[in-house]
Amino acid sequence: MTVTELLSYDAALAAYDPVMGLEVHVELGTKTKMFCGCSTELGADANSQTCPTCLGLPGSLPVVNAIGVESAVKIGLALNCEIAEWCRFARKNYFYPDMPKNFQTSQYDEPIAFNGYLDVQLEDGEIFRVEIERAHMEEDTGKSTHIGGATGRIHGASHSLLDYNRAGIPLIEIVTKPIEGAGERAPEVAKAYVAELRELIRALGVSEARMDKGQMRCDVNLSLRPHGTTVFGTRSETKNVNSLRSVERAARFEIQRHAAVLQSGGTIVQETRHFHEDDGSTTSGRIKDNAEDYRYFPEPDLVPVAPSRAWVEELRAGLPELPRVRRNRLREEWGVSEHDMQSILNAGAVDLIVATTDAGAPADQARKWWMGELARSANEAGVSLDELAITPAQVARVSALVASGDLNDKLARQVIEGVLAGEGDPDEVVEKRGLKVVSDEGALGTAVDEAIASNAAIADKIRGGKVAAVGALVGAVMKATRGQADAARVKELILERLGVSEG
Ligand SMILES: [Zn+2]
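Residues numbered from 1 in each chain as written. Predicted model: local features only at pLDDT ≥ 70, side-chain atom pairs only at ≥ 80, totals over all residues. Heavy atoms only, no water.

Caption draft 1: Focus on unusual backbone geometry. In this structure, Asn115 takes a positive phi of about 60° despite not being glycine. Along the chain, Asn115 turns up in strand E5 (residues 113–121). Positioned with a positive phi, Ala209 is a non-glycine residue whose angle comes to about 50°. Position of Ala209 among the secondary structure elements: in the loop between helix H3 (186–204) and strand E10 (216–226). Ala209 sits in the buried class, given a relative accessible area of 0%. (Helix = DSSP H or I, 4+ residues; strand = E, 2+ residues; numbered from the N terminus. Buried < 20%, exposed > 50% of the residue type's maximum accessible area, 1.4 Å probe, protein only.)

Caption draft 2: Representation of the pairing of strand E1 (residues 16–27). In terms of residue burial, E1 counts as a mostly covered element, since 11 of its 12 residues are buried. Bridge analysis of E1 against E10 gives 11 bridges, and the strand direction is antiparallel. When the sheet's bridge partners are listed, Tyr16 is paired in E10 with Pro226. Across five bridges, the pairing between E1 and strand E9 (residues 170–176) is antiparallel. When the sheet's bridge partners are listed, Val24 is paired in E9 with Ile174. (Pairing = 2+ DSSP bridges.)

Caption draft 3: Summary view of the nonpolar core. In this structure, Ile174, Tyr193 and Leu197 are the most contacted members of the largest nonpolar core, which totals 69 residues. Sort the elements by how many residues they give to this core and H3 lands first, with 10 residues. Once residues within four sequence positions are removed from consideration, Tyr193 is found in contact with Leu22, Val24, Leu118, Val120, Val130, Ile132, Ile174 and Thr176. In this structure, Val336, Leu388, Leu401 and Val415 belong to the second largest nonpolar core, which totals 32 residues. (Core = buried A, V, L, I, M, F, W, Y, C linked by side-chain atoms within 4.5 Å. Contact = heavy atoms within 4.5 Å.)

Caption draft 4: Broad picture of the sheet that holds strand E4 (residues 103–106). Strand order in the open sheet formed by three strands is E4-E3-E14, with antiparallel pairing between adjacent strands. The open sheet is flanked by E4 and strand E14 (297–298), the only strands paired with a single partner. With two bridges joining them, strand E3 (residues 90–93) and E14 adopt antiparallel strand pairing. Following the sheet pairing, Ala90 is matched in E14 by Pro298.

Caption draft 5: Expanded view of the packing of aromatic side chains. The tally for this structure, following the rule as stated, stands at four aromatic pairs. Centre to centre, the rings of Tyr294 and Tyr296 are 6.0 Å apart; their planes meet at 70°, and the pair counts as edge-to-face. Residue Tyr294 is classed as buried on the basis of its relative accessible area, which comes to 10%. These aromatic residues form a ring-pair network of at least three members: Tyr94, Tyr108, Tyr294 and Tyr296. Lying over the aromatic face of Tyr117, Arg129 brings its terminal NZ or CZ to 3.7 Å of the ring centre. (Phe/Tyr/Trp six-rings, centres within 6.5 Å; stacked < 30°, edge-to-face > 60°. Lys NZ or Arg CZ within 6 Å of the ring centre and 35° of its normal.)

See below:
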């Protein structure tokens, strides 16, 4: 890889304002493809989910997937867009082996949704409004696998394999207006926007939006212009960035690269670029085609889409609570700070905590377990919280056992450890491991008497006024009861026996 000249981030921002445009493709979670009845299930044998329509065979006719249109309208409404009263599909003509029809069925000058916005929350709580140009419907292409090259790219490959199972899967492309005024926070805004959009898509239930599975991918357009100027600079387009962190890194890298080129008197080439996960760099792809080259024209085989106003209003009324609104509501209900809420969000714990409170646990307890003990376990195992072998209902049960005094915190941690190890439900683990707070005063009293008798010197010190020494005796009792006593009660009993008051 050739070394790319970069200007330091601070120097780049001292001279230029970044302008971004983000294009996000979302694969919809429909059961069938956008224009035929083929399954969209992942993981099937190559080319087993194809038909004459999605293979573009002569004489085949497409039919629009109603759920695809409904999903597009829902996304448009959630992004505060206007919904077209009438719009058409268009053919985007170009040749590529993974696209058997030699055109992609897309939308051109008549998108189904346009002119909206999405408010995104930055890490310090500031709200940044990203304006939406359009959201349109289209179809995915097939998948090429290049064999023989070192990098998996076509260069150096001996041959390529094509799988058309993905060809025709519904996509929604969401395009922002130019994002200006973010300054040094541009990469953070890009990341926050994609994160917010992902949550929104999931809340709408139209896609799982798993970036690691390619169900959501982002193209990052970036240009720089000198401070105080308004004309846009030439942009580069970093394609198919597929994680939140990568979106941020790609924007940051391009800001530094553009700045270095401009400062040295060079010109930016309008091109697509590839992002490299390993070092966060981008490299040149192809010189960008202008839109005219695609010879768009209205798709003659599909009827126009004309969503009735009544139906659109029905969908609007059925929209779920939006993620940012929900987060703020939960933050207030739980009484946590902006910063703590951000940590909960980053840990992927919001829904788990909600489910745990739904199962009867107080919010502070639900939060304590998921963000404490369980977060540590997940971290150690290198998995996400929702991949742990414990359910919110089980966490709620542990919390209830602590509240009723059957378990103390220490024992509760052992119960959780047992559940995670597959020993069964909390009650089964309690049973099998014999974990129960010793609350029988008789048994506790005996243990206390024994501790005093075998530590006579310490007992004398306490009688003589060194109350702080009581810790040693409490420790002895806890050890004798294998940690299953209530430490506060043990302390009370010891002081009572020795006739000492704590004050
Ligand atoms: Zn098909």
